[in-house]
Amino acid sequence: MYEVIKYGNEILREKAVTVTDINDDIRETLNEMVKTMIEYNGVGLAAPQVGINKRMFVCMVGEDTIKKIINPTIIPEDYETIEYEEGCLSIPGVYKNVKRFKKITLLYQDENGKNIKTHLEGFKAVVVQHENDHLDGILFVDKISPVAKRMIKKKLALLKKVAIKEDGDASGERFR
Ligand code: NI
């Protein structure tokens, strides 16, 4: 089990690096990430959210289907978009609509290093785009409307304050 890093910690803003060696350590980390996601009732969890600066995430795609995604690339299939109310384990208590691509092709490596290409649409495509954003230091609150942004300004400021308090300089060194 990991602790989920919250909004305000600069670790969430870093660009994650490619996983070059898919080994037992990586598989063990992914298993622990799945446990953490389930414990927190999330539908997705990216490695940077638990202080691991690697391009990988876990997510629920369907009732009992958990996917472990390593080194993903997302290719939108057309310009059609879809809007869902999103939340994030790193930003507790905040839920806002985000517009994303409706249909995507996802290229990734599984936990055995096998290259996989899959088509996703609707909610599944949304979850994968949200998690993939974490790997580039992007959070869903970066993508909401200016009005929605104003509405959650105070909440975010409070989260940031707590993060700095917990962590001294909010650099999150202790998680590395
Ligand atoms: Ni998230």
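Starting afresh in each chain, residues are numbered from 1 along the sequence in its written order. Where local features are concerned, this predicted model is filtered to residues with pLDDT of at least 70; where side-chain atom pairs are given and counted, the filter is 80 or more; whole-chain, interface and lining totals use all residues. Hydrogens and waters are ignored; side-chain quantities use all the structure's heavy atoms.

Student: I'd like a rundown of the sheet that holds strand S6 (residues 103–109), residues and numbers included.
Tutor: Taking strand neighbours across the sheet as the criterion, the 5 strands line up as S1-S2-S3-S6-S7 in an open arrangement whose pairing is antiparallel. In the strand order of this sheet, the two ends are held by strand S1 (44–46) and strand S7 (115–121), each with one partner. Within the sheet, the average angular offset between the axes of one strand and its neighbour, ignoring direction, is 40 degrees. Of the strand pairs in this sheet, strand S2 (residues 56–60) and strand S3 (residues 66–76) are connected by 5 bridges, and their pairing is antiparallel. The residue bridging Val58 from the neighbouring strand is Lys68, located in S3. Relative to S2, helix H1 (residues 24–39) is tilted by about 40 degrees, and along the sheet it contacts S1, S2 and S3. In this description, strands pair whenever DSSP reports at least two bridges between them. Note on conventions: DSSP H or I runs of at least 4 residues are helices, E runs of at least 2 residues are strands, and numbering of each starts at the N terminus. Between N-to-C directions, angles cover 0 to 180 degrees, with each direction set by a line fitted to C-alpha atoms, over the stretch in contact for helices. Contacts are residue-level and defined by heavy atoms, with any inter-residue pair within 4.5 Å sufficient.

Student: Which residues make up the coordination of the nickel ion, and what values do they have?
Tutor: Coordination of the nickel ion by the protein involves Cys88 (SG), His130 (NE2) and His134 (NE2), with metal-donor separations of 2.1 to 2.3 Å. Counted as coordinating are nitrogen, oxygen and sulfur atoms within 2.8 Å of the metal, or 3.2 Å for Na, K and Ca, while water is not included, which may make sites look incomplete. Sequence spacing of the donors to the nickel ion: C-x41-H-x3-H. Taken as a pair, Cys88 in the loop between strand S4 (81–86) and strand S5 (96–101) and His134 in helix H2 (residues 123–134) lie far apart in primary sequence, 46 residues in all. Judged by its relative accessible area of 11%, Cys88 is buried. Type-normalised accessible area, obtained with a 1.4 Å probe on protein chains alone, sets the label of each residue: buried when under 20%, exposed when over 50%, and partly exposed for intermediate values.

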